[in-house]
Every structure is written in structure tokens, then in C-alpha cells.
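Geometric and topological summary
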Amino acid sequence: MGSGTWILALLVLHSVFDGIYGLEQEVNHRTERISGSAGDVLEDDPVGRLKVFVYELPSKYNKKILHKDPRCLNHMFAAEIYMHRFLLSSPVRTLNPEEADWFYAPVYTTCDLTPNGLPLPFKSPRMMRSAIELISTNWPFWNRTEGADHFFVVPHDFGACFHYQEEKAIDRGILQLLKRATLVQTFGQRNHVCLKDGSITIPPYAPPQKMQTHLIPPDTPRSIFVYFRGLFYDVGNDPEGGYYARGARASVWENFKNNPLFDISTDHPTTYYEDMQRAVFCLCPLGWAPWSPRLVEAVVFGCIPVVIADDIVLPFADAIPWEEIGVFVAEEDVPKLDTILTSIPIEVILRKQRLLANPSMKQAMLFPQPAQPGDAFHQILNGLARKLPHNEGVYLKPGQKILNWTAGPVGDLKPW
Amino acid sequence: MKQTAAQQPNRQAFTAFRSSPGVLFWPAVHVLCCLLSAAAGFRFSRLLFLLLFSPSPPSSSSLHHRHLLRQPPPAILPSPPPPHIHPPPPPAAASNGVVVGRHGIRVRPWPHPNAAEVARAHEILARLQQEQRRRYGVKDPRPVLVVTPTYARTFQALHLTGLLHSLMLVPHPLTWLVVEAGGVSNETAALLARSRLAVVHLPFHEQMPVRWHDRHRLEARMRLHALRVIRENQLDGIIVFADDSNVHRLELFDEVQKVEWMGALSVGILAHSQREGEKGQSPLPIQGPACNASGHLIGWHTFNTLPYAKKAAAFVGDGATVLPMKLEWAGFVMNSRLLWREAEEKPGWVRDLDEVGINGEEIESPLDLLKDASSVEPLGNCGKKVLLWWLRAEARSDSKFPAGWVMDPPLEIIVPAKRTPWPEALPDLAFQVIADDEDHVEVHPSKKTRSSRSKRSSRKKKKREAHVDAQVSDLFNRQEK
């Protein structure tokens, strides 16, 4: 009798555990959670792991610029403005600079727009320099470390090189005064002058509400194989061809314009977001700079991004396993793109789609207002928290000077 | 292509120049380049100087370039940076990786799709869509019972084939009940045999009348007959009334899975003729449920037949607009358990099928099967989504067509096509040539005859056409079943 009840108890326990396991399987079956350090890291909560002090700069560095041109809130460089707003009301903000781990100076360097809406970076170095001079004279914290525990958001094309043309940006190099600071930027390319070690790469800003309103039911069958809308030749700036996108976009057009699997054109359809949700692969080739908002859109809409940009560093690369989500194609392999894409095994494609369906991945690419857990703001803070504690090289000995305040082009030294 | 490195030693050379009294040198070069550009008419790239003044000798070993560089038009003077220039060994990390500057546009020798790859891509898409359906689509689909009244006529093949193909694509288990007026005919049976569906071919022993009004009533009785068969055999599923002349979307069959007892859909009515310029707003040609803001059924949209009242077709094929009934049967779906004699949880607002239709009662729409029409569920986002369209296109009831749509023996008459895409041609001379050709062509086997028939351009004489028409109709009369 006793053994009978034992067996019964064991059976009951077994079925209970099976039930739990089965439930977990069911949940996991839908959206595959990336196990290991990468996936969990997306859901880390930075609150309590770091403290950020926000400098109160005069409004000529931020509010007045925004007031002059409110278009800055909607273009793809708007992250600098939203990051400032987020930090002002975030729990990681501290009003006591003595206990701060990181210092943030809100300078909107990418808000000087042409009538077409493109930012002009010509005054940005002077603006940044003037802000840093202000910080270093009014607070002691800059001189303590010469900026090594400060971070700045520089979302423009080539980051802190402050130019939209790559050759000129390389010539300028990163602004001298930012040599020790941590840069939060959208640009990322390995072995490039404008990508500093220790920078945090972020996605470009894409308006979350607009993408939200264009969602279609998920059971709409994905019937477009490859989708792309954008320029292939930039006739205005690159009339000869071969400079824009290093010839990669032109190569895509020339090789695949007749291919029925490739829905590519220069149209601007109103159903752009809906079409992306009906596509399996979305091309994200480089343009004048390697990054593009298409990556964000592809991740949000569940379309597998096909990244064609050699040596690119993707946003939050230490937290998001991009190789498992996207397809990377070398620029020299563009003529074989159709072979590459059709020869990916079906299980791999299914797995990528499952990973993309993970909502934490989509959250990490967005800058929602108000901020939500797991979004890009939090990933930036997570990145900053992972760099703590600061090592000894950060704090300078008294009297030690590393930065050269007069280096750089003469034009940068003019006051702003 | 390590250009950055190559440019750096050049830069040093240039700055060395600058410090010398060659302060005027670079502006002079710039002016020279501008003049050359103005003369040649395009931008003259100063990369030429790189080639000429590069300190390292261009080595002849070219890289392993398998790509076909896009050939620039021969007028452009400087070639794109030739990949076979080897710069001096690059200084440390800075110039590894991607190079700034002009790159070739790589085009493969045959930039056209490969058929095997396209096939593979379609397999991938099919598999992905299956996975999508599995994850987001209907779970546990119930079988669908499709009720279609039909009869053998000229347009039957057209309509029934369309419906057949739609039903073959439905991913759920399906039974098709085809009720045929005039009894089971070989024509219909041959058409139905082409599908791989489970078809129940029911005869209905009355001929289809010619007047539209009578026709609608007969069709309603035919559908009732099918419903009785469902009841007798206790078939389980969702009943969809699919007329053979309607067009259905596949989403319809996913949407009807949501119905619990009786549902209503929006039907688009394609009876509108564009001939008279309609001023003012014409209301949406939709029949279906009308909902209030909270999604509850409050009434019905019907098709406004007043504008057409005088011009409505009275009998089949008279050329006027065919009007739908107030509420088409196609816009309703029901759970077959509503018809069973005993089914648990059968709602009380449905009439027993045995009492319906007797004593000459007119059944106009499925609402007459109910005691209370307010419990009908609106489907398709409360009727906002149109999932099927009604269109009655029928030929005259006395029109003839070849049996099974097979021309046997093949035609010997060559009929000039009335509309061809190429322009009107030339005069009588050419016509004479055709008259001669025609006799010649008739000797050829049938295939050639047909193609040469279509090649005839639009030169026609009325007399000839009338003559030919008579001949054609003779031939058809000979071939009628």
C-alpha cells in the first residue's frame, strides 16, 4: 500500500513537471529566446547600476536650436534630442555630480538643417568645442578626467568627425577634444578613423508611432522575396557613379533589375511599411555612410535584414546577435546575391524569423516616448554600465594633461 | 585597392610642394583641370595625377579580379582607379579594410534570373507561408460545406472553373455540394471531375427558367434542397453559399471559421454600369451587415436598385443590368448544426428545416430560416472587409456552345478578328491578297488555321463579315449538343 502511494505521488509530480515543461516549450516555440549572454543582456535593467549627471548647459546649445528648427525631432538624427529628454527624467539621473559615474552634456550638433532637411555639420565642431570649454571652466569634472567619464551623443553620418563626406571626415578625424570621451553614435565601421574604441553604436531614430500605425495582421503571407526601396545612383552628388555606396547599390540594380524575385525600385510608395511586412528579405545596403534606418525598419517589421556593408559595426553589437538574425553579404559578392539568398537552408530562415519576432529585439531598436523597458535608451545605459567601473587611466594625476586644445583645423578654434 | 595609403605619401609630397615657392602651383593645376573639364564637357577627375605622380611604380600583377567592371563610356578620360596598382605597404591599421574612393560597379556576365534559383525561392516562400499560417492562422479549422446551384449553359464552364480553382486552394477540409437544375449532366460532371475535391453532385429535376425573377426563386429552392441533404446526412461543418458566378477571396474561408451559428458577410455588388456619367455620390455597392460603433449588428446594407429600376434585365441575356436580390444568399454562412434535427446547444431562434419552404413559402434569403434575425454575427471586421463579389454575367439562354468546349472537327472558317493591336492597314490590294491566301491557308492543319486567323488585321467589309458570321453560326449549330 505504501509503495502504491509513493508511485502515485511520483506520477503526479512527473505529470506536473511535464506540464510546466510543456508550457515552457509552448511559449518558447513561438518566439525563440536567445539563450546565453547575448539575449538576456537585452533585458538588463540599468537602473541602480550607474548614475548619470546631466550638465545644465545654456539653452543656446540645445533648446534654442530645437526651437529654431523643430524638424530635428523627426529626422533620423533625433536620438540626441530624445536621449537628453529621457535622461532628464530617468531614475539613473543624479543631481549630485560627486556620485555620478557618467557625465552627459546635451549639445544638439545635428540640428542645423538645410531647407531639404539634411544636417550641415560645418558648425558642429565649434559648437562642441565651445560646450566643452564651458564645461571645463564651470565644473571641475572635465579636467579631472579630461572627458574620459563623459559621454556625448553624436548621431551624424560619420560621428564625431563632423562631416558628411567620407574623405573629408577621415581627414578631420574625431574631434580632438573628444578623444577620451565615450561617443554614442550611429556610425560604425571597423578600422575606421571615425569609430573610436569603446564607442556605443546606436540605431538611427525611426518614429515608433508611425511604424506602429502601419502594422498589418501577422497572418498576411510573406510573398515578396527581396524588397528594397531607395536610390541606386545618386546622380546629384555622384554623377560618374562608383562613389555612392562604393558601387554596391548600383551593382544590385544592374544585376537584379530583371529578376522577379527582387522587388527593388526608387519609388516612394505610401505602403512602404506594409510592403516590408510582406517581404522575407529586406536589403540594407550602405549609402554614403554604412548605416541606414532600413535596419531598424526591417527588425521592427520582421523582415530579415540583408546587410551589404563591409566591416560595418551594427547597433548594440554586444547585446544583439546580428549574425543570427541577419544575412551579411560582402560587397564583392553582390552579383551573386540571388544565389546566396536562395541557398540559405529553410531551417535557418525560419530560425531567423523566429528570432526577429522576439519583441525585445524590436524594442531595442526603438526610441519610444515615453521610454519603455528594453528600448534603445536602456540599451545605451546598459552599454555605459558595462564599461564601469572606470579603470585607473581615467582619472588623471594632478597637473597631467593629455588633450591638445589647439589641435585640429584652424576653423574649429573660432568661438561659437 | 589601397588608395588611402597611396594618397598619404602623395599628401606629404604635396605639402612639401606647398612650402616651396610653388604657392601658385596648385591653383594653376586647378585652373588647368577646370579648363580641361570645360573643354571636354564632364568633370575631370584628378585621380589622373595620382596615376602619373604616384611614387610607387604600378606593378603589373593584377589582383584576382573575376568581376567584370562596368565599362565606362569611352569618352571618359581617366579610367576608374585601376585595381592593379599596388601601393607601398600600408601603414598600420588605418588603411586596412574598406577604401574610400571610386569603386567599380560589379555586374556579372549574365545578369538574369536563374530558373532553378527562382524555383527554389518559391519553395522557400511556400514553406514560410505554411509556417506563418501554422503560427498565426486558424487553429483547428472546421470543415467547409460549399453549396452551389448551377445548370449547364454557355457560361457555366467559365464560372464553375473559376469557383473550382478557388475551392481547390482552400486549405481546410471541404465538401462541395453542387445542385444542378435539369438533372445531372455530362457537361457539369466533366467539369467537376477535374477538381480533386470531394463533390456531391445533386440533381434537381426542374429546368432553369429564363426570367431572372423566376430564376432566383428556383435557385433558392435548389439551395434548400442541398440544405436538406446536409440535414439528412448530418454533415458537419460551416455552410458557405458560393454561387458559381461569384468571385471569392481565400481570406473568406479563414474568416468563416470564426462563425459560431450564423454569420453575415459583406458582398460587393458589381452591377454598376459606368455608361451614364453619375453625378453626385453613388453609395457603396455593398450588401451586408451594418454595425453600430460598438460592433453590434443593427441592420443591413442592401443594394439600391432604384437607379436601375427601369433598365433592369428581365430575362437572361437581354443586355440590361442584372440586379441582385435584396440580400444575396452568398452573404451568409451558417453552422450546419443549425439544420440538424437534434444538436446540443442549438439556439432557439432557428426554424426547423422541415417547416421551411412548404406551402409555397418564398425563401428569399437565409434570414427566412430564422425566427429572429438579430443574432446573426457580422464577419469580416463587422462587414468592413469585402471578401466576395457578386456579378451575374450570362449569355442568352438560347446561345450555343461547343460540347465540352472542344472544337471537333476543327473550324474551317477564317474569321477576321475585329480588334487587333496593330494599326489599320491598307486598302483593297492587300485584301485581295488575303482572299487568295485564305483558300491557300485552308489546306493547312487546324493549328495553323487558328493562328492565321488571329493574324488577320482589321480590314473587313460588312458583307463579308455577315457572310462569315452566318457560316460560323452554321458551324456552331452543327456542333451544338
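Located above this text is the structure these notes cover.
Report follows, based on the coordinates. (Residues numbered from 1 in each chain as written. Chains lettered and ligands numbered in written order. Predicted model: local features only at pLDDT ≥ 70, side-chain atom pairs only at ≥ 80, totals over all residues. Heavy atoms only, no water.)

Across its full length, chain B carries 12 helices and 14 strands. Of all 481 residues assigned to chain B, the portion counted as buried reaches 41%. Across chain B, contacts joining residues at least 24 apart in sequence account for 74% of those joining residues at least 6 apart. Accessible surface computed for chain B: about 27,200 Å², of which carbon and sulfur atoms make up 58%. (Helix = DSSP H or I, 4+ residues; strand = E, 2+ residues; numbered from the N terminus. Buried < 20%, exposed > 50% of the residue type's maximum accessible area, 1.4 Å probe, protein only. Contact = heavy atoms within 4.5 Å. Areas by Shrake-Rupley, 256 points an atom, 1.4 Å probe, with all protein chains shown as cover.)

So, on to helix 11 (residues 293-301) of chain A. Residues and elements named next belong to chain A. Within helix 11, 8 of the 9 residues are buried, which leaves the element mostly enclosed by the surrounding structure. When we look at burial in helix 11, the residues that qualify are Arg294, Leu295, Val296, Glu297, Ala298, Val299, Val300 and Phe301. You can read the cap of helix 11 off the contacts: a side-chain oxygen lies 2.9 Å from the backbone nitrogen of arginine 294, and it is on serine 292. Of the residues trailing helix 11, glycine 302 is marked for its positive phi of about 75°. (Polar contact = N/O pair within 3.5 Å; in protein donor to acceptor, adjacent residues only side chain to side chain.)

This part is about unusual backbone geometry. All names here are of chain A. A cis geometry characterises the amide bond from glutamine 369 onward to proline 370, with omega recorded as -5°. Turning to its location among the elements, proline 370 is positioned in the loop between helix 15 (359-364) and helix 16 (376-386). Omega for the bond connecting leucine 388 with proline 389 falls within 30 degrees of zero, at -5°, which places this linkage in the cis form. You can see proline 389 is positioned in the segment after helix 16. Even without a glycine there, the phi angle at arginine 246 is positive, about 55°. Here arginine 246 is to be found in the loop between strand 6 (224-229) and helix 9 (248-256). On the basis of relative accessibility, which here comes to 6%, the residue arginine 246 falls in the buried class.

Here we take up the sheet that holds strand 13 (residues 377-378) of chain B. All names here are of chain B. Read from one edge to the other, the open sheet built from 7 strands follows the order 5-4-3-6-12-8-13, with strand pairing classed as mixed. Every other strand in the sheet has two partners, leaving strand 5 (198-204) and strand 13 as the edge strands with one partner each. As paired elements, strand 3 (residues 144-150) and strand 6 (residues 238-241) share 4 bridges and run parallel to each other. By the bridge assignment, valine 147 is partnered in strand 6 with phenylalanine 241. Sheet strands in contact with helix 6 (residues 186-193) are strand 3, strand 4 (174-181) and strand 5, and its direction is about 170° off that of strand 5. Sheet strands in contact with helix 7 (residues 212-233) are strand 3, strand 4, strand 5 and strand 6, and its direction is about 135° off that of strand 4. (Pairing = 2+ DSSP bridges. Axes fitted to C-alpha atoms, helices over the stretch in contact; angles between N-to-C directions.)

Core analysis: the largest hydrophobic core is formed by 135 residues, its most contacted members being Val52, Leu87, Leu178 and Phe281 of chain A. Look past the residues within four positions of leucine 178 of chain A in its chain and what remains in contact with it is Met128, Ile132, Phe152, Ala160, Leu183 and Lys196 of chain A. (Core = buried A, V, L, I, M, F, W, Y, C linked by side-chain atoms within 4.5 Å.)

Let us now look at the sheet that holds strand 11 (residues 297-301) of chain B. Residues and elements named next belong to chain B. Pairing in this open sheet of 5 strands is mixed, and the strands run 7-14-9-10-11 from one edge to the other. Pairing within the sheet leaves two strands with one partner each, and these edge strands are strand 7 (247-248) and strand 11. As judged from the 4 bridges shared by strand 10 (residues 286-291) and strand 11, these two strands associate in the antiparallel manner. Paired with cysteine 291 across the two strands is leucine 297, which belongs to strand 11.

Quick look at the interface of chain A and chain B now. Of the residues lining the interface, 51 residues belong to chain A; the matching set on chain B comes to 39 residues. Together, the buried faces of chain A and chain B total about 3,900 Å²; carbon and sulfur atoms form 57% of this surface. For the interface between chain A and chain B, the tally reads 2 salt bridges. For arginine 102 of chain B, the salt bridge goes to glutamate 240 of chain A, with nearest N and O atoms at 3.8 Å. Inspection of the chain A/chain B interface yields 13 residue pairs in polar contact (both at pLDDT 80 or more). Of all the elements in the fold, those that place two or more residues in the side of chain A that touches chain B are helix 1 (2-30), helix 7 (166-172), strand 6, helix 9, helix 13 (337-342) and helix 14 (346-356) of chain A. Here the side of chain A that touches chain B is composed, by residue class, of 20 nonpolar, 15 polar and 16 charged. (Buried area = accessible area lost by both parts, 1.4 Å probe. Salt bridge = Lys/Arg side-chain N within 4 Å of Asp/Glu carboxyl O. Nonpolar A, V, L, I, M, F, W, Y, C, P; charged D, E, K, R; others polar.)

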